Amino acid sequence: MRDLVRRIDSATPPGRDRAVDALRALAILGVVLGHWLVTALVADSGTVRAASPLQYMPQLAPVSWMFQTLAVFFLVGGLVGAKSYAAGRARGATYGQWLGARTARLSRPVAAVLVVWAVAAGVMLASGAGVETVRALLKLVLSPLWFLLVFAALTAATPLVAKLHPLWPLAVVLHIDLARFGLGGPAWLGWINVAAGWLVPYCLGAAWARGGLRSRTTGRVLLAGGAAATALLVLFAGYPASMVGVPGAGISNLNPPTLAAVTFGLAQCGAALLLGPLRPALRRPVAWAAVALVNLSAMTVFLWHQTAMMAVTATGLLAGGALPGLHTVPDGSGWILARLAWLPVFVAALLVCWAAFHTYEQGRARTNSTRVVREGHPGREAAVPRA
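Rules behind the numbers
Numbers given for residues are sequential positions, taken from 1 along each chain in its written order. Totals for whole chains, interfaces and linings use every residue, but because this is a predicted model, local features are given only for residues with pLDDT of at least 70 and side-chain atom pairs only at 80 or more, for both listing and counting. Side-chain measures here rest on the full set of heavy atoms in the structure, leaving out hydrogens and waters. Put simply, DSSP H or I for four residues or longer makes a helix, DSSP E for two residues or longer makes a strand, and each gets a number counted from the N terminus. Burial status follows relative accessibility: with a 1.4 Å probe on protein chains alone, a residue under 20% of its type maximum counts as buried, one over 50% as exposed, and anything between as partly exposed. Each accessible area is a Shrake-Rupley result for a 1.4 Å probe, and residues are judged covered by the shown protein chains and nothing else. Counting rule for charge: Lys and Arg are taken as positive, Asp and Glu as negative, and neither His nor the chain ends is counted. Charge positions come from single atoms, namely NZ of Lys, CZ of Arg, CG of Asp or CD of Glu. When two rings of Phe, Tyr or Trp (its six-membered ring) have centres within 6.5 Å they constitute a pair, described as stacked for plane angles under 30 degrees, edge-to-face for angles over 60, and tilted for the intermediate range. Take the residue count of a helix, subtract one, and multiply by 1.5 Å to get its expected span. Note on definitions: a residue-residue contact is assigned when non-hydrogen atoms from the two residues lie within 4.5 Å. Definition of nonpolar core: a set of buried residues of the types Ala, Val, Leu, Ile, Met, Phe, Trp, Tyr and Cys, connected through side-chain atoms within 4.5 Å. Lines fitted to C-alpha atoms define the axes here, with helix axes fitted over just the stretch in contact, and angles between the N-to-C directions of these axes take values from 0 to 180 degrees. Reported orientations rely on four angle classes, namely roughly parallel under 35 degrees, roughly antiparallel over 145, roughly perpendicular from 65 to 115, and oblique for the rest. By convention the crossing between two helices is left-handed if the near helix lies anticlockwise of the far one by an angle smaller than a right angle, and right-handed if it lies clockwise. We call Asp, Glu, Lys and Arg charged. Ala, Val, Leu, Ile, Met, Phe, Trp, Tyr, Cys and Pro are nonpolar, and the rest, Gly among them, are polar. The directions from the helix axis to the C-beta atoms form the arc being described. Cysteine sulfur atoms are paired as a disulfide whenever they come within 2.5 Å of each other.

**Student:** Which parts of the structure should I look at to understand the overall build of the chain?
**Tutor:** From N to C terminus, the chain includes 18 helices and 2 strands. Buried positions account for 50% of the 387 residues belonging to the chain. For the chain, the accessible area works out to roughly 17,500 Å², and carbon and sulfur atoms hold 69% of it. In the chain, which carries 31 positive and 11 negative side-chain charges, the distance between the mean positions of the two groups comes to 10 Å.

**Student:** What's the story with the packing of aromatic side chains in this structure? I'm lost.
**Tutor:** Remark: the centre distance and the inter-plane angle together describe each pair of aromatic rings, the angle taken between the planes. Inspection of the entire model under this criterion finds 14 aromatic pairs. Relative to Phe151, the ring of Phe74 has its centre 6.1 Å away and its plane inclined at 50°; by these criteria the two rings are tilted. Placement of the pair is Phe74 in helix 5 (residues 70–91) and Phe151 in helix 8 (residues 145–156), with a sequence separation of 77 residues. Take Phe74 and Phe151: they sit in the same class, and that class is buried. Where Trp146 meets Phe147, the ring centres are 6.4 Å apart and the plane angle is 85°; that geometry is what we call edge-to-face. Overall, Phe147 belongs to the buried group, its relative accessible area being 2%. Of the aromatic side chains, those joined through ring pairs into one cluster are Phe73, Phe74, Trp146, Phe147, Phe151, Trp198 and Phe302.

**Student:** Just checking my understanding: could you explain helix 10 (residues 167–182) for this structure?
**Tutor:** An α-helix turns once per 3.6 residues; consequently, residues spaced three or four apart project the same way. Helix length check: helix 10, at 16 residues, gives a terminal C-alpha distance of 21 Å against a target of 22 Å (1.5 Å per residue), a fit within 8%. Where helix 10 is buried, its residues contact helix 11 (192–209) and helix 13 (259–273). A positive backbone phi angle near 70° is found at Gly184, which sits one or two residues after helix 10.

**Student:** Before we go on, may I ask you to explain the nonpolar core in this structure?
**Tutor:** Nonpolar side chains in soluble globular proteins generally cluster together in the buried interior. Ranked by size, the top nonpolar core spans 81 residues in total, and within it Phe74, Phe147, Leu148, Trp198, Trp208, Leu303 and Trp304 carry the most contacts. Counting residues per element, this core draws most heavily on helix 11, which supplies 10 residues. Core analysis: the second largest hydrophobic core is formed by 9 residues, Ile8, Ala22, Trp288 and Ala292 among them.

**Student:** Any chance you could explain the packing of helix 12 (residues 216–236) against helix 13 here in plain terms?
**Tutor:** Helix-helix packing is described using two parameters, namely the angle between the two axes and the distance between the axes. For the pair helix 12 and helix 13, interaxial distance at closest approach is 7 Å and the crossing angle is 155°. Taken together, the axes of helix 12 and helix 13 lie roughly antiparallel to each other. For the pair helix 12 and helix 13, the sense of crossing is left-handed. Contacts from Thr218, Gly219, Leu222, Leu223, Gly226, Ala227, Ala229, Thr230 and Leu233 in helix 12 reach Leu259, Ala260, Thr263, Phe264, Leu266, Ala267, Gly270, Ala271 and Leu273 in helix 13. Considered class by class, the residues forming the contact of helix 12 with helix 13 number 12 nonpolar, 6 polar and no charged.

**Student:** Would you mind showing me how to read helix 1 (residues 2–11) here?
**Tutor:** Of all the residues in helix 1, the buried ones are Val5, Ile8 and Ala11. Projection of helix 1 onto a plane perpendicular to its axis shows the buried side chains occupying an angular sector of 140°, all on one side. Residues of helix 1 that are exposed and angled more than 90 degrees away from the buried face: Arg2 and Ser10.

**Student:** Even after reading the chapter, I still don't get the packing of helix 1 against helix 15 (residues 285–296), so can you show me in this structure?
**Tutor:** With their axes 9 Å apart at the nearest point, helix 1 and helix 15 run at an angle of 80° to one another. Relative to helix 15, the element helix 1 lies roughly perpendicular. Across the interface between the two elements, Leu4, Val5, Ile8 and Asp9 from helix 1 touch Pro285, Val286, Trp288, Ala289, Ala292 and Leu293 from helix 15.

**Student:** Before we go on, may I ask you to explain the state of the cysteines in this structure?
**Tutor:** Linking two cysteines covalently through their sulfur atoms gives a disulfide. Taken as a whole, this structure holds 0 disulfides when the rule is applied. For Cys203, which is in no disulfide, the shortest distance to another cysteine sulfur is to Cys269 and amounts to 11 Å. According to the relative accessible area criterion, Cys203 is buried, its value standing at 0%.

**Student:** Would you explain the side chain of Thr155 in this entry?
**Tutor:** In this fold, Thr155 is placed in helix 8. The contacts of Thr155, once residues within four sequence positions are left out, are Trp98, Leu99, Arg102 and Tyr202.

Okay, structure coming up:
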């Protein structure tokens, strides 16, 4: 282990901004923990259905503020995408070559999870599992893929949006919400915000790449302004306090994104810009190795963390019936404590998934960690998927 830490640290180019990688690692861990804490699979009358503790305990809405970190993904994605495209142009790469290299890093691991779950769904149906149970499980696996579709679309549009001011997509989100909620417009209008809403932090990331967000004042303004706007929207405009979807709720801040989700994302981006003090800590080889290893497996962790949770859930049902915090209704503090106790088991199952599928993320030519870290230098085509 000490040798691995040393090799990763020595292979990292001196000019690499390690804080950016730390932001990505924090974002992926936030998504994973968030899903594990706010998603429950309840065994009920021979079927398995999805539920959320936020549905039964709305006072836990602040938990979603900690773990809904998608804006940070798009902020970093805009930063890395803009730098990567500029570097590709400088090397003489065509747009098609640049885009093909970046999308390949997304398509390989996604193809693996789709094939595995297509086979698993067929086996479950053939063995007598209920259609509703299979549908609930597939929804948990496939629903996070919307993020990758949006990310891939914004990546493809990088040459067009890299210089777009974030206020333009923010204005689109504002007017869409005014039409939906203020003027009684059709609900389908909200889906425009799937692109416009996440384009806001993506454009911020591109501006960061151009050197336009280096002032700590910018970070403070985004943090304070985004937080104040979100609070006003929740307290006086009827937006939900939860920043993730809640089963049965009339409005979801995330599906599709609302103005409150976007302003909350602006606050997150502001906080990310203020994390400069992370840099000295990341000069320590052990801390940096942990961040680098999470980044090397970011796509694998993102795509398989729900599968890990479901594997533990299914094993528990086969072994001993409904278990607290795993198969029971998430309606009290007892469920929360039990779910926290299950988290290490979820991590162990995720490590098994990682061992089986991480090679699809790195590719046959990318299995050496030292090479991957070195090629991840800002301004070069990075080996680590930037989701």
